[in-house]
Every structure is written in structure tokens, then in C-alpha cells.
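Okay, here's what each chain looks like letter by letter:
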Amino acid sequence: MTKRDILSVAFKILGIISVMYAVEYINGIGMGLGMIFQQPGPGQNFNPYWFLGTMILSAILSIAMAYILLRWGDLIAQKFVRDDSAILALGSSQWERPIFMLSLRIIGVVCLIKGVPELVKVLSELSFISKYQRIIRFSDIGPGIIGAIVFLIIGVYLISGGKHLVEFAYREKVTTPDRDKIV
């Protein structure tokens, strides 16, 4: 089994996870449809069409990511893994680092799958708040937008290889005559 084979299988698994995220939005779509047919209460400034649109867009993005990962996971794996060497797990101690690096890339894709719909959701909430309220408080959108941006940054870093994290996890031991020292 090669590195590309493992990454390709992992992308297909992540495609299935993305489908599961899309299924989670069905509940929000149902709530949005229900809110459209309800009479607004006194002082309610909530636009149910906006909420429904956000839920539908998030579901479509999740389905699109699932389609991309399931359909073109092999091509993406070819782009990510340039050195397509075989991974021999039995009888070799050199397999841990390549598997760890592939795992980091997989986790990076999961972070992107989680971060993109979250960012869309927060931006739609921001435009809703700015349309119906004059003052936008950081407490209304701050945690959501920070979380989405952190997910995206971590995802991009891990997809690019996570060099510092790999070096931290796989420090090499250098022995000196006096004592063992970790470099």
C-alpha cells in the first residue's frame, strides 16, 4: 500500500463524514420552513428566509465537499503526495512518520469541512444583524467567526504538512557521552 492509496481512502471516508454533516442541516432546514409559516411575535426582527437560506447553503456546501472528496479524492491525493512510496508497516520502524503526516493532512481536510460552513453561517448572521440592528456586538458574532477562522487556519496548516508539529512529535534523540539529550 502506498501513501497515495492511504490518503485516497481517507478522503473517501471524509466524503462520507461530509455527507453526515449535510444530514445534520436537515433539521435546520425543517426549522426554517416551519418559521416561514409562523406568525412573527411582537418585536421579532428575525427573517426566517435568511435562516432557511443559510441552512440550505451550508447543506449544499457540505454535499459539494462530499462530492469533491468522493469523486476526485484520488486526484487530490496525487497532488498532496508527490513521493508515492510504499509504506511497509511490518518489520520497519520508519512507517510512523509518514502515517502521522498523512493523518495530519486528513485532519486538515476535516477542519476545512467544519470551518467553511461555519464561516458561511457566521457571515450570514453578521449580515442579518447588520440589517436589522444598528449596533453589532462582538459577543453576537465573535466566538463563531473566531472559531471558523481558527478551523480554516489549522486546516490549511495541516494540509500543507504541519512541519513544526511533525518535528515536535518526532524529535530525534542524540546521545552524548555525559547524558541523553533530546534535540
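Nothing here was measured: the structure is a model prediction, and the numbers come from that model. (Residues numbered from 1 in each chain as written. Predicted model: local features only at pLDDT ≥ 70, side-chain atom pairs only at ≥ 80, totals over all residues. Heavy atoms only, no water.)

(A) Here's a closer look at the overall build of the protein. Looking only at helices and strands, the protein has five helices and two strands in total. Each helix and strand of the protein, ordered N terminal to C terminal, gives the series α-α-α-α-α-β-β. For the protein, with 183 residues in total, the buried portion stands at 31%. For the protein, restricting intrachain contacts to residue pairs at least 6 apart in sequence, the fraction spanning at least 24 positions comes to 73%. (Helix = DSSP H or I, 4+ residues; strand = E, 2+ residues; numbered from the N terminus. Buried < 20%, exposed > 50% of the residue type's maximum accessible area, 1.4 Å probe, protein only. Contact = heavy atoms within 4.5 Å.)

(B) Structural context of the packing of helix α1 (residues 3-36) against helix α2 (residues 48-80). Interaxial distance between α1 and α2 falls to 8 Å at its minimum, and their mutual angle equals 170 degrees. Classed by the angle they form, the pair α1 and α2 counts as roughly antiparallel. Along the lines of polarity and charge, the residues of the contact of α1 with α2 split into 28 nonpolar, nine polar and three charged. (Axes fitted to C-alpha atoms, helices over the stretch in contact; angles between N-to-C directions. Parallel < 35°, antiparallel > 145°, perpendicular 65-115°, else oblique. Nonpolar A, V, L, I, M, F, W, Y, C, P; charged D, E, K, R; others polar.)

(C) Molecular detail of a nonpolar patch on the surface. Together, Ile16, Val19, Met20, Val23, Ile26 and Leu70 give the surface a local cluster of nonpolar side chains, amounting to about 530 Å² of exposed area. When residues in the nonpolar patch are grouped by element, the largest group, five residues, is from α1. (Patch = residues over 30% accessible without salt bridge, like charges linked within 9 Å, V, L, I, M, F, W, Y side chains within 5 Å. Areas by Shrake-Rupley, 256 points an atom, 1.4 Å probe, with all protein chains shown as cover. Salt bridge = Lys/Arg side-chain N within 4 Å of Asp/Glu carboxyl O.)

(D) Fine view of the nonpolar core. Among the nonpolar cores identified, the biggest contains 14 residues, and Leu7, Phe11, Leu14, Leu69, Ile106, Val109 and Ile113 are the most heavily contacted of them. Here this core gets five residues from one element, more than from any other, and that element is α1. (Core = buried A, V, L, I, M, F, W, Y, C linked by side-chain atoms within 4.5 Å.)

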